[in-house]
Amino acid sequence: MQVHAYGAHAADKPLEHLHITRRATGAHDIQIDIAYCGICHSDLHQIRSEWPGTQYPCVPGHEIVGRVTAVGEHVKNYQVGDLVGVGCIVDSCQHCEDCDAGLENYCDNMIGTYNFPTPDAPGWTLGGYSQQIVVNERYVLRIRHPEADLAAVAPLLCAGITTYSPLRHWGAGPGKKVGVVGIGGLGHMGIKIAHAMGAHVVAFTTSESKRADAKALGADEVVVSRNADEMAAHASSFDFILNTVAAPHDLDAFLGLLKREGTMTLVGAPATAHPSPNVFNLIMKRRSLAGSLIGGIPETQEMLDFCAEHGIVADIELIAADGINEAYERMLKGDIKYRFVIDNATMGA
């Protein structure tokens, strides 16, 4: 089936209107008319070949929400009309230790929603900057938010789970002091979720002007990381720090804020490496520096249900499809609070 989409033919070309082919709905598949798709910073990295291996035409998008329009004969859990989401994963081996544990995100054969190998034309997956997608039901998620919130739910499929998973894994909750570094697409979700989990949340920003924003998102305290006195006041006091910054920066400044056996987890993915941390910042307090990649399908559903229960959605700016290139340029400048979302109904306009 031919559908409207937006993608690029080369790293140095703008995104433009395309026609792409979606496979027929198989026995275990769900066909989804995409209502909205969030724009993730990784979309920009991939489409501009700042990360290796981009195949063109590249159609990004892995923050997908919409409505089921067809189901395969063996589909058990969804029916036509359901509100659903698709995140960063559309397939995996389904039989390894990671898949059996519901951690498909760590499967060595995980297939991402775009730019991963597939038997479908053109030979790699094409993402959510399109009117429709067909996905195996195992990788489809149920949306329980009100339909009126659907556009703002879209970023939860990446930004939400990317922050929820480490906060849950490392035990953010009552009695825990949790830092969130960066107040952007990821960071603003981290603040909201950590606050809802009951942690004492401290937001870190390089910008004095973001103090009020961070407090409105749920931060109990805000630290301007350029201010040495403010940083020193929090030395050796954090149980956990979620570092969402997607640009190389000094990790030691934040490692020194962890208490004994505290952990800082990186979820931002910069195009070039961070400077190496000083090993003594780790060994002197048995601190840990960790990483986390999105989440598996069961945990992503758990996150969506948690956010629905607590009324959590992303702060978004809704754009038409022909505004994607401008949105990319604004995203590079940090000119967004805090996530762009495409109205996919405009794809064929």
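Because the structure is a prediction, the values reported are computed rather than measured.

A. View of the nonpolar core. Core analysis: the biggest nonpolar cluster contains 96 residues, and Ile39, Tyr129, Leu167, Ile193, Ile324 and Tyr328 have the highest contact counts within it. Among all residues touching Ile193, those that are not within four sequence positions of it are Gly160, Thr163, Tyr164, Leu167, Phe306, Cys307 and Ile312. Leu251, Phe254, Leu255 and Leu266 belong to the second-largest nonpolar core, a separate cluster that totals 15 residues.

B. Here's a closer look at helix H5 (residues 187-197). Summarising burial for H5: nine of the 11 residues are buried, a large majority. For H5, the complete set of buried residues consists of Gly187, His188, Met189, Gly190, Ile191, Lys192, Ile193, Ala194 and Met197. With its phi angle positive at about 100°, Gly198 sits one or two positions after the end of H5.

C. Representation of the packing of helix H4 (residues 159-169) against H5. Put simply, H4 and H5 touch, their axes get as near as 9 Å, and they point 40° apart. Classified by the angle between their axes, H4 and H5 sit oblique to one another. Here H4 runs over H5; the crossing is right-handed. In this structure, H4 contributes Ala159, Gly160, Thr163, Tyr164, Leu167 and Arg168 to the contact, and H5 contributes Met189, Gly190, Ile193, Ala194 and Met197. Class assignment of the residues belonging to the contact of H4 with H5 gives a composition of seven nonpolar, three polar and one charged.

D. Spotlight on the pairing of strand E3 (residues 29-38). Judged by how many residues are buried, E3 sits mostly within the fold: seven of 10 residues are covered. Here five bridges tie E3 to strand E8 (residues 132-136), and the two strands are oriented antiparallel to one another. The partner of Asp33 across the bridge, within E8, is Gln132. Pairing analysis gives three bridges linking E3 to strand E17 (residues 339-343), with the strands arranged antiparallel. Along E17, the bridge assignment pairs Tyr36 with Asp343.

How each quantity is defined
Residues numbered from 1 in each chain as written. Predicted model: local features only at pLDDT ≥ 70, side-chain atom pairs only at ≥ 80, totals over all residues. Heavy atoms only, no water. Core = buried A, V, L, I, M, F, W, Y, C linked by side-chain atoms within 4.5 Å. Buried < 20%, exposed > 50% of the residue type's maximum accessible area, 1.4 Å probe, protein only. Contact = heavy atoms within 4.5 Å. Helix = DSSP H or I, 4+ residues; strand = E, 2+ residues; numbered from the N terminus. Axes fitted to C-alpha atoms, helices over the stretch in contact; angles between N-to-C directions. Parallel < 35°, antiparallel > 145°, perpendicular 65-115°, else oblique. Left-handed = near helix turned anticlockwise from the far one by under 90°. Nonpolar A, V, L, I, M, F, W, Y, C, P; charged D, E, K, R; others polar. Pairing = 2+ DSSP bridges.

Scope: geometric values only; no functional claims are made or implied.
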